[in-house]
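Each chain, written out:
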Amino acid sequence: MKTSISVIGAGYVGLVIAACLAKLGNEVTLIDIDELKVNSIRNGVSPIYEEGLDELLRKVNMQVTTDYEKTLTSKIIMLCLGTPSDEGGINLNDIAEASTTLAGILKRRQDYCVITIKSTIAPGTTEGLIIPALEKSGKKAGKDFGVCMCPEFLREGKAIHDFMNPARIIVGEHDRTSGDIFCQLYEHFKASIMRTSLKTAEMIKLASNAFLATKISYINEIGNMCKQLGIDAYDVAKGLGSDDRIGNKFLNAGVGFGGSCLPKDLRMLIAKAKEINYQPRMLEEVLRLNDEQALRMLNLLRKHVQLKGAIIGLLGLAFKSGTDDVRDSRAIGIVEALLREGATVKAYDPLATKNFSRIFPQIEYVTVEQVLNSDAILILTECEEFNELDYKGKLVIDGRRIAKAREAGIYEGICW
Ligand SMILES: NC(=O)c1ccc[n+]([C@@H]2O[C@H](COP(=O)([O-])OP(=O)(O)OC[C@H]3O[C@@H](n4cnc5c(N)ncnc54)[C@H](O)[C@@H]3O)[C@@H](O)[C@H]2O)c1
């Protein structure tokens, strides 16, 4: 069914969802409080890098604005606000603020609409925070407006493909009518829809990402042992992954996981566990192993060079290849440690230099060839172009299994 939709939050998720829903023929309004972002999108220029997004933005017709009033006529309103988390807990300020603004709109609406949360939030957040904020309008959830929680599983770098071809659709519903109306939006997608409660949907998203993170820390732990035992962790992963109860995905041992989802969602789940007085021992260890994994690159490096005064070249600054997103990137902790120990850092990334330079304006951003002229090279993302370089005679510490890098004069793989 084609309908009128407002998407609130024009970040990595909201912008892609809005553009895709517009492409599918819906009448879409995209709302963000960041005027620069709004103006850029209006001019057909994506403020983030995402494969195929600039092209899609040029093709689709949607309204982009800072004005929440435009939600007054939308049948479905999707919340795609950031929900960052750190050791201090989960920051729900943007979700709370957007819900309060929407309550002001709901107060003046006479007709029914469904408000759907796409942001990743801990179990109980829709019922405990969002619905109470919306009901400050004087309107009642389940009677005057509907509420759903539909977690988003897209991957940055493949976001358009993933949104258009979801593996599964999870719809948490406050009540049957909310779910019936929201599910119509997805009825032509091939994937099956699982309808459930709001907090089950919230938990499915966190449990999914915590599982993926666990798989990575698991193979890294095996890989760390393999390195010491003279075993190639990738051979082990191949043998392991051919058991279909285990599966061969997310078994690439390396420098660990980063990005705006896995570390954050794990922290969110850990914080939720503690809130209910449950000690999430395994989840905490997954995170700790991941933090230590990045620093193992430095231990390998120290075996070969004195860091003080050395020029260290980094290949890859984003949290993975194919994105400009540097949130929780493995490179952040590595650069901090290198600078602390008196090294000079030269870095290259095909997409993420601008975002990384906001965190570290003091390091040098250079061409890929200039990185090769460093005293040692650390490979931190699995970018294809890193497989085309000439590493002969260089000292390379590889965190991502770049085949060509094995030709280096001195080569150390992190888990092989
Ligand atoms: N990035 C991913 O790959 C991904 C994948 C699945 C789920 N998620 C989840 O989706 C949510 C959004 O993630 P993201 O990466 O798109 O975040 P983001 O930080 O890129 O985007 C959030 C946007 O919301 C805007 N915003 C902030 N306050 C606002 C307000 N009051 N009203 C309107 N707009 C406001 C910001 O300006 C920003 O553009 C998070 O909960 C995240 O965990 C992200």
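Since this is a predicted model, take the numbers as computed values, not measurements.

About the criteria used
Residues numbered from 1 in each chain as written. Predicted model: local features only at pLDDT ≥ 70, side-chain atom pairs only at ≥ 80, totals over all residues. Heavy atoms only, no water. Phe/Tyr/Trp six-rings, centres within 6.5 Å; stacked < 30°, edge-to-face > 60°. Helix = DSSP H or I, 4+ residues; strand = E, 2+ residues; numbered from the N terminus. Buried < 20%, exposed > 50% of the residue type's maximum accessible area, 1.4 Å probe, protein only. Lys NZ or Arg CZ within 6 Å of the ring centre and 35° of its normal. 1 Å grid on protein atoms, 1.4 Å probe; cavity = no way out; pocket = protein on both sides within 12 Å on 5 of 7 lines; lining within 4 Å. Points joined across faces, edges and corners; volume = space filled by probe spheres on them. Nonpolar A, V, L, I, M, F, W, Y, C, P; charged D, E, K, R; others polar. Near = heavy atom within 4 Å. Polar contact = N/O pair within 3.5 Å; in protein donor to acceptor, adjacent residues only side chain to side chain. Areas by Shrake-Rupley, 256 points an atom, 1.4 Å probe, with all protein chains shown as cover. Pairing = 2+ DSSP bridges. Contact = heavy atoms within 4.5 Å. Axes fitted to C-alpha atoms, helices over the stretch in contact; angles between N-to-C directions. Right-handed = clockwise from strand over helix to strand, strands pointing away. Salt bridge = Lys/Arg side-chain N within 4 Å of Asp/Glu carboxyl O.

Participant: I'm lost on the packing of aromatic side chains in this one. Help?
Facilitator: On inspection of all chains with the given rule, the structure shows seven aromatic pairs. An angle of 80° between the planes, with centres 5.9 Å apart, marks the rings of phenylalanine 163 and phenylalanine 189 as edge-to-face. Residue phenylalanine 163 is found in helix α6 (residues 159-164), and its partner phenylalanine 189 is found in the loop between α7 (176-184) and β10 (193-196); the two are separated by 26 residues along the sequence. The residues phenylalanine 163 and phenylalanine 189 share a single accessibility class, namely buried. Ring centres 5.3 Å apart and planes at 85° place the aromatic pair tyrosine 234 and tryptophan 416 in the edge-to-face group. Of this pair, tyrosine 234 sits in helix α9 (residues 233-241) while tryptophan 416 is found in the segment after β16 (410-413), placing the two residues 182 residues apart along the sequence. One aromatic cluster in this structure is built from Phe163, Phe182, Tyr186 and Phe189. Lying across the ring of phenylalanine 153, arginine 168 places its NZ or CZ 3.7 Å from the centre. Directly above the ring of tryptophan 416 sits arginine 401, whose terminal nitrogen or CZ lies 5.2 Å from the centroid.

Participant: Hey, could you run me through the layout of surface pockets in this one?
Facilitator: Over the atoms, a rolling probe the size of a water molecule traces out where space has been left empty. Within this model, the second largest pocket holds a volume of roughly 290 Å³. Secondary-structure elements contributing two or more residues to the lining of the second largest pocket are α10 (262-275), α11 (281-302) and α12 (330-340). Broken down by element, the residue count for the lining of the second largest pocket peaks at five residues, all from α12. Residue composition of the lining of the second largest pocket, by class: four nonpolar, three polar and seven charged.

Participant: Could you clarify how one ought to interpret the site of the ligand in this entry?
Facilitator: Taken together, 27 residues form the shell around the ligand, and within it Asp32, Lys37, Tyr68, Thr83 and Lys264 come nearest. Within the side chain of threonine 83, a nitrogen or oxygen atom sits 2.6 Å from an oxygen atom of the ligand. In the model, a nitrogen atom of the ligand is placed 3.3 Å from a nitrogen or oxygen of the serine 260 side chain. With the chains in place, 91% of the 830 Å² that the ligand exposes on its own is no longer accessible. Classifying every residue of the shell around the ligand by side-chain character gives 10 nonpolar, seven polar and 10 charged.

Participant: Help me understand the environment of leucine 229 in this model?
Facilitator: As for its position among the elements, leucine 229 is in helix α8 (residues 198-229). Assessed through its relative accessible area of 57%, leucine 229 is described here as exposed. As a C-alpha pair, leucine 229 and proline 151 span 78 residues in sequence and 41 Å in three-dimensional space.

Participant: Would you take a moment to explain the sheet that holds strand β11 (residues 311-315) for this structure?
Facilitator: Reading across from one edge, β13-β12-β11-β14-β15-β16 is the order of the six strands in this open sheet, with parallel pairing throughout. Strands at the two margins of the open sheet, each flanked by one partner only, are β13 (364-365) and β16. By the bridge criterion, four bridges tie β11 to strand β14 (residues 376-379) in an arrangement that is parallel. Paired with isoleucine 312 across the strands is alanine 376, a residue of β14. Across the sheet, α11 touches β11, β14, β15 (395-398) and β16, and the angle it forms with β14 is around 155°.

Participant: I would appreciate a short explanation of the pairing of strand β12 (residues 344-348) in the present structure.
Facilitator: Residues in a regular strand project their side chains so that they alternate between the two faces of the sheet. Extensive coverage of β12 is indicated by the burial of four of its five residues. Bridge count for β11 against β12 is five bridges, and the pairing is parallel. Counterpart to glycine 313 in the pairing with β12 is lysine 346. Of the crossover connections in this fold, the one passing from β11 over α12 to the parallel β12 is right-handed. Pairing geometry for β12 and β13, over two bridges, is parallel. Of the residues in β13, the one forming a bridge with lysine 346 is glutamate 364. Following the chain from β12 across helix α13 (residues 353-359) to the adjacent parallel β13, one finds a crossover that is right-handed.

Participant: It is not clear to me how the pattern of salt bridges should be interpreted in this structure. Could you clarify?
Facilitator: Where charged atoms of side chains with opposite charge meet at close range, the side chains can pair. Enumeration according to the criterion identifies 25 salt bridges in this entry. With its nearest N and O atoms 2.9 Å apart, the salt bridge here joins arginine 267 to aspartate 328. Pair noted here: arginine 267 is in helix α10 and aspartate 328 is in the loop between β11 and α12, with a separation of 61 residues, a long-range link. The class for aspartate 328 is partly exposed, based on a relative accessible area of 26%. Salt bridges sharing common partners tie together Glu173, Arg176, Asp180 and Arg195.

Participant: I tried to follow the environment of leucine 301 on my own but got confused; where do I start?
Facilitator: If you trace the backbone, leucine 301 turns up in helix α11. If sequence neighbours within four positions are ignored, leucine 301 has contacts with Leu307, Ile312, Leu338, Ala376, Leu378 and Ile397.

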